[in-house]
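Geometric and topological summary
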Amino acid sequence: RASAALFSRTQPTTAATNNPSTMPKISRADGEKWAKDFLTAFAAGFKENNHSVTLAPFLADKLSWDWSDDTKGEGTPADICGKFSQTWGAMVDSFNLPSYQVIVDTSHAKVMICGPLIINVTGPGCLVPNNLVYNPVSFIWTLDDAGKCTMWEGYWDQEDEGMTAALGAVMAKMPKSE
């Protein structure tokens, strides 16, 4: 039987970095709006491969990231958007998340989404015809007091057969570097 203390919102914490009174907070409504606005801007960035522009209002001056494709790091929005423009931004021409669930951790300013993702993997300049991939995705964003993302986690099945086939088809058409 679980102790009532485990479920108490006022349970004391000892680590200063885990003190709920000093952590950024967000309301459920603000978190849901943030997720919707971010996903709209994120999807828009694939059309022109310009996530550095579309995501500018959402990313803190310094942030870290950890994604299922082993893209990990920390730096500026230019750092992550630069990496993205050479990888997913170049490979995918559309990002469609027709429905998703939003979970807001109001006491830690975390916004999470998960849902059925459909991307079109065509490569730079549409090297291959429409190449739709279905692969559910989950993102977790940690926000600061200003509502900017300081940590972006992304989870999906990196070994999904449809995705690896689509990426392979594009890679086969890419110009060979000398």
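Residues numbered from 1 in each chain as written. Predicted model: local features only at pLDDT ≥ 70, side-chain atom pairs only at ≥ 80, totals over all residues. Heavy atoms only, no water.

Core analysis: the largest hydrophobic core is formed by 44 residues, its most contacted members being Phe38, Phe42, Phe95, Phe139, Trp141 and Trp152. Ranked by residue count, the leading element in this core is helix α1 (residues 28-48), at 8 residues. Excluding residues within four positions of it along the chain, Phe139 makes contact with Leu39, Phe42, Phe95, Val111, Met112, Ile113, Trp152, Glu153, Gly154 and Trp156. (Core = buried A, V, L, I, M, F, W, Y, C linked by side-chain atoms within 4.5 Å. Buried < 20%, exposed > 50% of the residue type's maximum accessible area, 1.4 Å probe, protein only. Helix = DSSP H or I, 4+ residues; strand = E, 2+ residues; numbered from the N terminus. Contact = heavy atoms within 4.5 Å.)

So, on to the pattern of salt bridges. Per the counting criterion, the structure on display carries 3 salt bridges. Note that Lys33 is salt-bridged to Asp37, the shortest N-O span being 2.5 Å. Of this pair, Lys33 and Asp37 both sit in helix α1, separated by 4 residues, roughly a single helical turn. A salt bridge links Lys72 to Asp70; its shortest N-O distance comes to 4.0 Å. Each member of the pair, Lys72 as well as Asp70, is classed as exposed. Beyond isolated ion pairs, a larger network of salt bridges with shared partners links Asp66, Asp70 and Lys72. (Salt bridge = Lys/Arg side-chain N within 4 Å of Asp/Glu carboxyl O.)

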